[in-house]
Amino acid sequence: MTEGTIQTGESDGVQPVRPARATADGPVDGPDVDVSDITTASISAASSGPGRSALRRFDPRRLDPRRWSLWQAPRRVVVAVLLVDLVAVGLSLGVARTEPIGPADWRALALLVLGLVIHVETARGIERRREVVADGQPYIELKSVWSFAGLLLLPIGLALALVVVTFAYWWLRVSQRPVPHRWTYSAATVLIASVAAWQVLELVPGGVLVKVAGPLGLLVLVAAGVTRWVVNHGLVVFMICLSAPGTPWWKRLGSPTDTLIGIGALALGAALAVVAVTTPWLLPVLLIPVMGMHRGFLIQQFARAARTDPKTGLANATAWRDQADRELARLRRRGGELGVIMVDIDAFKAINDRHGHLVGDAVLRAVADTLRAEVRPYDSVGRFGGEEFIVLLAEANPEQVVRTAERLRRSIAECEVVVAPTLGGGTVRGMTASIGTASFPQASRDLDGLMVSADAALYAAKHGGRNRVECAPPR
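For the structure given in this document, a descriptive report is provided here. For clarity, every value in this text was computed on a predicted model and none was experimentally measured. (Residues numbered from 1 in each chain as written. Predicted model: local features only at pLDDT ≥ 70, side-chain atom pairs only at ≥ 80, totals over all residues. Heavy atoms only, no water.)

### Side note on the packing of aromatic side chains
Scanning the model with the defined rule gives two aromatic pairs in all. Considering the side-chain rings of F167 and W183, the 5.7 Å spacing of their centres and the 80° angle between planes classify their relative orientation as edge-to-face. With F167 in helix 5 (residues 156-173) and W183 in helix 6 (residues 180-201), this pair connects stretches of sequence that are 16 residues apart. Considered together, F167 and W183 belong to a single accessibility category, that of buried residues. Here the aromatic rings of W171 and W183 are separated by 6.2 Å at their centres, their planes lie at 10°, and the arrangement is stacked. One end of the pair, W171, is in helix 5; the other, W183, is in helix 6, with twelve residues separating them in the sequence. Using a relative accessible area of 15% as the deciding quantity, one classes W171 as buried. You can call W183 buried: its relative accessible area is 3%. Through a chain of ring-to-ring contacts, the aromatic side chains of F167, W171 and W183 assemble into a single cluster. Residue placement shows K143 over the ring face of F167; its charged tip is 4.6 Å from the ring centre. Across from the ring centre of W170, 4.9 Å away, lies the NZ or CZ of K143, which sits over that ring. (Phe/Tyr/Trp six-rings, centres within 6.5 Å; stacked < 30°, edge-to-face > 60°. Helix = DSSP H or I, 4+ residues; strand = E, 2+ residues; numbered from the N terminus. Buried < 20%, exposed > 50% of the residue type's maximum accessible area, 1.4 Å probe, protein only. Lys NZ or Arg CZ within 6 Å of the ring centre and 35° of its normal.)

### Thoughts on the packing of helix 13 (residues 357-374) against helix 14 (residues 398-413)
The packing of two helices is summarised by the inter-axis angle and the distance between the axes. Running from N to C, helix 13 and helix 14 cross one another at 140°; their axes reach a closest spacing of 10 Å. With respect to helix 14, the axis of helix 13 lies oblique. Relative to helix 14, the crossing made by helix 13 is right-handed. Of helix 14, the residues touching helix 13 (which contributes V367, T370, L371 and E374) are R407, L408, S411 and I412. Broken down by class, the residue content of the contact of helix 13 with helix 14 amounts to four nonpolar, two polar and two charged. (Axes fitted to C-alpha atoms, helices over the stretch in contact; angles between N-to-C directions. Parallel < 35°, antiparallel > 145°, perpendicular 65-115°, else oblique. Left-handed = near helix turned anticlockwise from the far one by under 90°. Contact = heavy atoms within 4.5 Å. Nonpolar A, V, L, I, M, F, W, Y, C, P; charged D, E, K, R; others polar.)

### Structural notes on helix 14
The terminal C-alpha atoms of helix 14 lie 23 Å apart, and with 16 residues this matches the ideal 22 Å at 1.5 Å per residue to within 8%. Listing the buried residues of helix 14 in full gives P398, V401, T404, A405, L408, R409, S411 and I412. The arc enclosing the buried residues of helix 14, seen along the axis, measures out at 165°, which places them on a common side. Taken together, the buried residues of helix 14 touch strand 4 (338-345), helix 13, strand 6 (388-394), strand 9 (433-440) and strand 10 (469-471). Sitting at the head of helix 14, N397 places a side-chain oxygen 3.1 Å from the backbone nitrogen of E399. (Expected span 1.5 Å × (residues − 1). Arc of directions from axis to C-beta. Polar contact = N/O pair within 3.5 Å; in protein donor to acceptor, adjacent residues only side chain to side chain.)

### Considering the nonpolar core
The biggest cluster of nonpolar side chains holds 63 residues, and the ones touching the most others in it are L112, L151, L152, L154 and L272. For this core, the secondary-structure elements that each account for two or more residues are helix 2 (75-95), helix 3 (103-134), helix 4 (144-153), helix 5, helix 6, helix 8 (214-243), helix 9 (256-278) and helix 10 (283-305). It is helix 6 that provides the largest number of residues to this core, a total of twelve residues. Apart from the residues within four sequence positions on either side, L272 is in contact with L112, V145, W146, A149, L283 and L286. Residues V343, I351, C415 and V469 belong to the second largest nonpolar core, which totals 32 residues. (Core = buried A, V, L, I, M, F, W, Y, C linked by side-chain atoms within 4.5 Å.)

### Describing the pattern of salt bridges
In the structure shown here, the tally under the stated rule is 16 salt bridges. With a shortest N-O distance of 2.8 Å, K462 and D346 are connected by a salt bridge. Taken together, the positions of K462 in helix 15 (residues 447-463) and D346 in the loop between strand 4 and helix 12 (348-355) put the pair 116 residues apart, joining distant regions of the chain. Exposure class is identical for K462 and D346. Each is buried. (Salt bridge = Lys/Arg side-chain N within 4 Å of Asp/Glu carboxyl O.)

### Thoughts on the layout of surface pockets
Roughly 210 Å³ of volume is contained in the second largest pocket. Every residue along the wall of the second largest pocket is listed here: D85, A88, V89, V164, F167, A168, W171, W183, T184, A187, A188 and L191. Elements that contribute at least two residues to the lining of the second largest pocket include exactly helix 2, helix 5 and helix 6. Top element by residues in the lining of the second largest pocket is helix 6. It accounts for five residues. Taken together, the residues that form the lining of the second largest pocket break down as ten nonpolar, one polar and one charged. (1 Å grid on protein atoms, 1.4 Å probe; cavity = no way out; pocket = protein on both sides within 12 Å on 5 of 7 lines; lining within 4 Å. Points joined across faces, edges and corners; volume = space filled by probe spheres on them.)

### Topic: the sheet that holds strand 6
Strands sit in the order 5-6-4-9-10 across an open sheet of five strands; the sheet is mixed. Here the strands that pair on one side only, and so sit at the sheet edges, are strand 5 (380-385) and strand 10. Pairs of neighbouring strands in the sheet enclose a mean axial angle of 20°, with direction left out of account. Lying over the sheet, helix 14 contacts strand 4, strand 6, strand 9 and strand 10, oriented at roughly 165° with respect to strand 9. (Pairing = 2+ DSSP bridges.)

### With respect to a nonpolar patch on the surface
Judged by side-chain polarity, L218, V222, V226 and V230 come together as a nonpolar surface patch covering roughly 320 Å² of accessible area. Locating V230 in the fold gives a position in helix 8. (Patch = residues over 30% accessible without salt bridge, like charges linked within 9 Å, V, L, I, M, F, W, Y side chains within 5 Å. Areas by Shrake-Rupley, 256 points an atom, 1.4 Å probe, with all protein chains shown as cover.)

### A word on helix 4
Extensive coverage of helix 4 is indicated by the burial of ten of its ten residues. Every buried residue of helix 4 is listed here: S144, V145, W146, S147, F148, A149, G150, L151, L152 and L153.

Written as structure tokens, this is what we have:
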């Protein structure tokens, strides 16, 4: 993939805690890190408009390590971040002097930095919109076009310096609310991955034209790109899983499309290195496909955001219904059973009235995380509206549906949300949920009928005393 950053704003002051079963896809305690240009952004766009210089907003005090939000993260996250940072610094210093640096190398570095500056300034408006649209979703950046080209063109010391320059310039000019420790970790993963890829490239001695010549050169080049991606991506997935345990690691890998595009960006970086050596005057032409990729990413993210609930990251009502319609059509063709579960948080208005809407949003995220963690990967979870959620259980008979609903009810009762002192302090606990279930084909043979039946069962649970599960009767 490519060099990227998981960029998020500072903590909003509320942190879901699930003592009995940790889950995650929601807020991450630890650093958001670089997934070789896979990025998770949870940024407030209100900090400033795209036209205002990021340099003017930069506050040097944010660089003071004593002020970093890292120290509020779990100890395992703090240790892992510092360890990876130290390894990156040690490796970089250890290999920096292994290759001599000549005047031509400095000219090549200047050329790459110039291309980077043009790229960032041209794409800055797009990337800021992508940060806002992503809002907790993975996305890809294309900084690796330059850093991978530098790995092929420059001595390793200058190549690693280019990585630092790339991150620093992107941070200053694109990110609207950068979090220092997240960016240091992101840069560290790319530095370590670059050193690993450089070791692979050293299997073929000589300049870039020698390295890419013939089948062996192509094999080594591909191996270097894959090595860089695997190391970078692996460190990122490790940190995300460490920061928010509970979801299987393979769910953190990103979509195959993102992976393919990220590896394509590395290939573009290799092409840029060859052009820089042979016909440098053609370098501006390569910016055209880079900008086209930026536009394509933005459209893709808007499409993804249109089907995602922004507060919980679950499918919205429209996207959930599309998935449920497809599953129901499949079962009608092949036979089988499924269940619909409707979940409503009890007395949610009282939570908002007592703690405020920011805490209420954190409660919604905690419940969403719990629902995701308690169902199978191929089941579908959506936010139906307000404090209501809806779950589709594929290939489940009525008994399995009821057992799952009871498990969801118990897990929600175990959820806790820690409130920051700035929002009043304390912990929200003792949440309960009323749940209604309906099964296909027993309760109804169409989706609307199943949803109506589950909703009626939900209201029966409400009227029956709350914090209970009711099952729609067969028809």
